[in-house]
Structure formats: structure tokens, C-alpha cells
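Notes for the structure review
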Amino acid sequence: MMMKFLSKIEILVDRLVRSKKRCTPFFFVLIVLFSIQSYASYVLIPMDADGQQNHLKAYGITYWTLSKDLKVKWLLNYRGGSFLLPDTENIRKECTIRGVTYEIISTSRTEEILKEISSPSQNMEAVILEKAPKIAVYSPKGNQPWDDAVTMVLTFAEIPYETIYDTEVLEDNLILYDWLHLHHEDFTGQYGKFYASYRAAPWYIKEKAEAEKLAKSLGYQKVSQEKLAVALKIRDYVVGGGFMFAMCSATDSFEIALSAEGVDICEPMFDGDPSEPGYQSKIDYNKTFAFKDFTLERSPNVYEFSSIDMTRKRRISKTTDYFTLMDFSAKWDPIPTMLCQNHTALVKGFMGQTTAYNPNEIKSNVLVLGENKTNGEARYIHGIKGKGFFTFYGGHDPEDYTHRVGDPKTELELHPNSPGYRLILNNVLFPAAKKKKQKT
């Protein structure tokens, strides 16, 4: 009834405007104001290329809205994955303060948009976001926010998070969080394989000593044993229903640690004793989330963990280094569609210790969300483990092509529309979605 009433008001206003008959100015203004106040009841945050001036902070507005116990609709594949929010004065003010483009739309226009999205002929879907997920970042306490792309973009988007590390994980604190990000960690106990280039550097010596001290305080003789225990806790967190996101070396080193459970793969400079003879044959790929049939890099002087990573195999220049986001059915595959929302299907590539993944070593039940077909590599993958989900994203910093130790931090104020960073924030909002059975 309300919709019909509002539609009649719109028709009346239109007729008054078109009519040559005279009416009192007061009556005309009253009708117009009543009409605007009645049906201008939604805030649309557009996420297409031309419609949004700050894509990254738009995610922060959406998260902020959810934190106020208000629901949001994520309009998948509509104008770059736009957000539909209730219209409140506080939301409008927050958008203005943060520099986020928004549009006030009427109830009737909202219904038109949702009807268009629901049409079987459109590859679109409206997904309800219900609550703001509680976020944890697994990272050493001394790291600055700009040491990691995820903490950097969370800070820029004004999305709150808590930092945890080995002690908290081993004390089973992961259960307190809906979403976990793994900082660029080495879960194999090889200290990031920085040995060849940085073994004499003060920071390397200090970090190695601190890691050994922490491991012993937690009851482990070796860092590799302690990191394995952490990896197993994270595995259980995901299997139990958690959401895990990892980038760069945290992806493959996590997998290697799981697959090498009970096997010593570390050389003497890492743990004080030789590696186990024939350890490659003892790797158990059944224990991993995403990768299979990989070969470990034995040399401590090679800045690489295994054959999973494509960094040393890449034959592509910076100017042509892009990867393509896959196209999924929004109605039948809402999860991968959510994770791929963007204002472009072509994303700039960027390097890292682990830059990209060998597609031949990805398990068949893992989805490739982004790939560089020319170079034959997967950049962005997603899968289900038990009741939970994981996403692996290759590279270190989407807006710093060859980030190296000691490089200055990326200023996200210069990249508010970064497609590469949008992929991270898609994952942040993913746990907020109303649970819907995966159809793939």
C-alpha cells in the first residue's frame, strides 16, 4: 500500500510540474517536500569506475554501518559491486566526512534496481550483509601498519582490527574472531629464507633471536616446531568455520608447514641440526588446503620456499603485468562473485616473495579467482576447508610493484581507487554476508 501511495505522489508531482494550471506555491512546495522525505529512503554507494571517488573508504562506510546494527545489501555486479544502505543522517555525514561518493535514491527507484538485479537474465545478485565481522591480524607486535598491505588498507578504510601473534593463537584466542589475516609470515621456521642476503643484518639477527626466545617461552625447542603448532591451530580455526585470508609468503609457507608435519626440513643455520634425509618424499599433500605435488627448495641460499611460487619463472615486464578476474554467476556462485567485485576485470600485477601460484600445483577443488593466462599463473585463489573458507593472494603490495626491505610505505591517499586493494576488502566483508549454501 505504501509503495502505491508513494507512486501516486510521484505522479502528482510530475503532473503539477507539467500542468499549465496554476497552483499555490505553498501547496506545490509542500507536495514536493513530502514526496522527497517519503521516498528518498536509501543511500546507494556506487562502486563503478566513474561513480566513486574513494572505493577503499567506501568499504569502511559499509563496515561502519554494519557496526551500528544496520543491514546492508551488497549489489553484486551492479555498478562495480555497489552497496545499498538505509538512509540516515549519520550515514550521509559519515560519507561526506570520509570523502565517499553516495546517492540518495527513492524507494521506487530502489525497487526498480532490485527488480533488475533479481531478473534471471541479469548476472547480478543482492546479498544481505548482517554484521560487522571481528577482525584479527596475525602479525609480530613490533610491525608497523605499513609493513603489510592488509593492515595498511584496514587503517586507511577505518576498519578496526586487533593484532594477535603466536601466544594468542596457541591459547586458542582465534575463536574470538570471525576473520583472520596472516601477515607475511614464514611458518616453516626458516626466517623468511632471508639467510643469503641478510644473515649479517642487525634486524635479521634480532628477529631470529626474538623468534627463538618466543618459541622456548612457549615450550618448544625449535622455531619450526612452534610455528607448526601455530599453523595447526589456524588450520583448526578454518575447519571449524573461520575465514582466513593470507598474502605473499604466508600462503605457501603455511601449506608447506602443514604438509611437513613431523618432518625436519630446516638446515642447520635455521634450527641447529641437519634436515631429515629424503624429506621431500615424506611430504603429505593431503594435509594442505590448496596445493599439491610441489617440490621444496632445499638450498638455504635461495630466496624461495618451493615450486608453488612462480616468481623465478616469470617472463613478463612491469608494463604488461596484469591479471584478469574470473567471471562467476552471481546467483549460483555468490561467494566467488563477492570476492571478485571490482570496477575493472583487469588488475595490475605486483611482486612479492610469493608472487603467483603454479596452476599445475593447485588442487582441483580450489577456485582460481584471478589469473595471468599469458604467463600461466594463478594470482588469487579461494577454497573451502571443513566449515570454513580461505583465500590466498599472491604478492606483497598491490600498489608497490617490487616492494623490498626498507622501502618507504605506500601512501593509499594516492591510490583510493586501487583495484588490487579492493580484492583485500572484498574478503574483509565476505564473513558479514548472510549465510547461503555454496552451490559449487
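Residues numbered from 1 in each chain as written. Predicted model: local features only at pLDDT ≥ 70, side-chain atom pairs only at ≥ 80, totals over all residues. Heavy atoms only, no water.

**Comments concerning the side chain of Asn-372**
Mapped onto the fold, Asn-372 is located in strand 12 (residues 367–372). In this structure the side chain of Asn-372 is engaged in a polar contact, spanning 2.9 Å, whose partner is the backbone oxygen of Tyr-322. Those residues in contact with Asn-372 that sit more than four places away from it in its chain are Ile-316, Asp-321, Tyr-322, Phe-323 and Glu-377. (Helix = DSSP H or I, 4+ residues; strand = E, 2+ residues; numbered from the N terminus. Polar contact = N/O pair within 3.5 Å; in protein donor to acceptor, adjacent residues only side chain to side chain. Contact = heavy atoms within 4.5 Å.)

**Description of the sheet that holds strand 14 (residues 388–393)**
On the basis of which strands lie adjacent, the open sheet formed by nine strands has the order 7-6-8-9-14-13-12-10-11 and mixed pairing. Two strands bound the open sheet, and with one partner strand each, they are strand 7 (162–164) and strand 11 (346–348). Mean inter-strand twist for the sheet, computed between neighbouring axes without regard to direction, equals 20 degrees. In this sheet, strand 8 (residues 179–182) lies alongside strand 6 (residues 135–138) in parallel orientation, the contact comprising four bridges. Opposite Ala-136, over in strand 8, you have Leu-180 as the bridge partner. Sitting on the sheet, helix 10 (residues 223–239) touches strand 6, strand 8, strand 9 (243–247), strand 13 (377–385) and strand 14, and the angle it makes with strand 8 is about 145 degrees. Helix 11 (residues 249–259) rests against strand 8, strand 9 and strand 14 of the sheet, and its axis sits at about 115 degrees to strand 9. (Pairing = 2+ DSSP bridges. Axes fitted to C-alpha atoms, helices over the stretch in contact; angles between N-to-C directions.)

**Regarding the environment of Glu-171**
Considering the arrangement of structural elements, one finds Glu-171 in the loop between helix 7 (166–170) and strand 8. A C-alpha to C-alpha distance of 9.4 Å links Glu-171 and Lys-233, two positions 62 residues apart in sequence.

**Side note on the side chain of Glu-255**
Its location among the elements puts Glu-255 in helix 11. The side chain of Glu-255 is buried and forms no salt bridge, while Lys-363, the nearest opposite charge, is found at 6.1 Å. Other than its neighbours up to four places away in sequence, Glu-255 contacts Thr-288, Phe-289, Ala-290, Phe-291 and Phe-392. (Buried < 20%, exposed > 50% of the residue type's maximum accessible area, 1.4 Å probe, protein only. Lys, Arg positive; Asp, Glu negative; His and termini not counted. Salt bridge = Lys/Arg side-chain N within 4 Å of Asp/Glu carboxyl O.)

**Observations concerning helix 9 (residues 202–217)**
Counted at 1.5 Å a residue, the expected span for helix 9 with its 16 residues is 22 Å, and the 23 Å between its end C-alpha atoms agrees. Within helix 9, burial applies to Tyr-204, Ala-211 and Ala-215. Buried residues of helix 9 fall within an arc of 35 degrees about the axis and therefore sit on the same side. Those residues of helix 9 that are exposed and aimed more than 90 degrees away from the buried face are Pro-202, Lys-206, Lys-213, Lys-216 and Ser-217. Its buried side turned inward, helix 9 meets helix 8 (195–198), helix 10 and helix 12 (268–271). Just beyond helix 9, the residue with positive phi is Gly-219, at close to 95 degrees. (Expected span 1.5 Å × (residues − 1). Arc of directions from axis to C-beta.)

**Some words on the pattern of salt bridges**
One pass over the full model with this rule turns up 25 salt bridges. The shortest N-O distance in the salt bridge between Glu-112 and Arg-109 comes to 3.1 Å. Here Arg-109 and Glu-112 lie together in helix 5 (residues 107–118), a separation of three residues that amounts to about one turn. By relative accessible area, which is 47% here, Glu-112 ends up partly exposed. Arg-109 gets classed as partly exposed once you look at its relative accessible area, which sits at 34%. Between Lys-227 and Asp-166 there is a salt bridge whose closest N-O contact spans 2.9 Å.

**A look at empty space enclosed by the protein**
For the coordinates displayed, the defined rule picks out three cavities of 30 Å³ or more. The space that makes up the largest cavity amounts to roughly 50 Å³. Contributing to the lining of the largest cavity are Gln-190, Ile-256, Ile-265, Tyr-279, Leu-296, Glu-297 and Phe-305. Class assignment for the residues of the lining of the largest cavity results in five nonpolar, one polar and one charged. (1 Å grid on protein atoms, 1.4 Å probe; cavity = no way out; pocket = protein on both sides within 12 Å on 5 of 7 lines; lining within 4 Å. Points joined across faces, edges and corners; volume = space filled by probe spheres on them. Nonpolar A, V, L, I, M, F, W, Y, C, P; charged D, E, K, R; others polar.)

**So, helix 4 (residues 89–98)**
Among the residues of helix 4, those classed as buried are Ile-91, Glu-94, Cys-95 and Arg-98. Take helix 4 and look down its axis: the buried residues cluster within an arc of 100 degrees, on one side only. In helix 4, the exposed positions angled more than 90 degrees off the buried face are occupied by Thr-96 and Ile-97. Note on helix 4: the residue one or two positions beyond its end, Gly-99, has a positive phi of about 75 degrees.

**Here we look at the pairing of strand 6**
By the alternation rule, side chains of strand 6 split into Ile-135 and Val-137 and Ala-136 and Tyr-138, which are all buried. Of the pairings in the sheet, the one linking strand 6 to strand 7 comprises three bridges and is parallel in character. Each bridged residue has a counterpart across the sheet, and for Val-137 the counterpart in strand 7 is Thr-163.

**Here's the deal with the nonpolar core**
Counting residues in hydrophobic clusters, the biggest one holds 59 residues, and the most contacted among them are Ile-45, Phe-83, Leu-129, Met-247, Tyr-393, Ile-424 and Leu-425. Excluding anything up to four places from it in sequence, Met-247 contacts Ala-149, Val-150, His-181, Leu-182, His-184, Phe-350, Tyr-393, Gly-395, His-396, Pro-398 and Ile-424. Within the second largest apolar cluster, 45 residues are counted, among which are Leu-180, Leu-228, Ile-283 and Ile-308. (Core = buried A, V, L, I, M, F, W, Y, C linked by side-chain atoms within 4.5 Å.)

Don't take any of this as a statement about function, it's just geometry.
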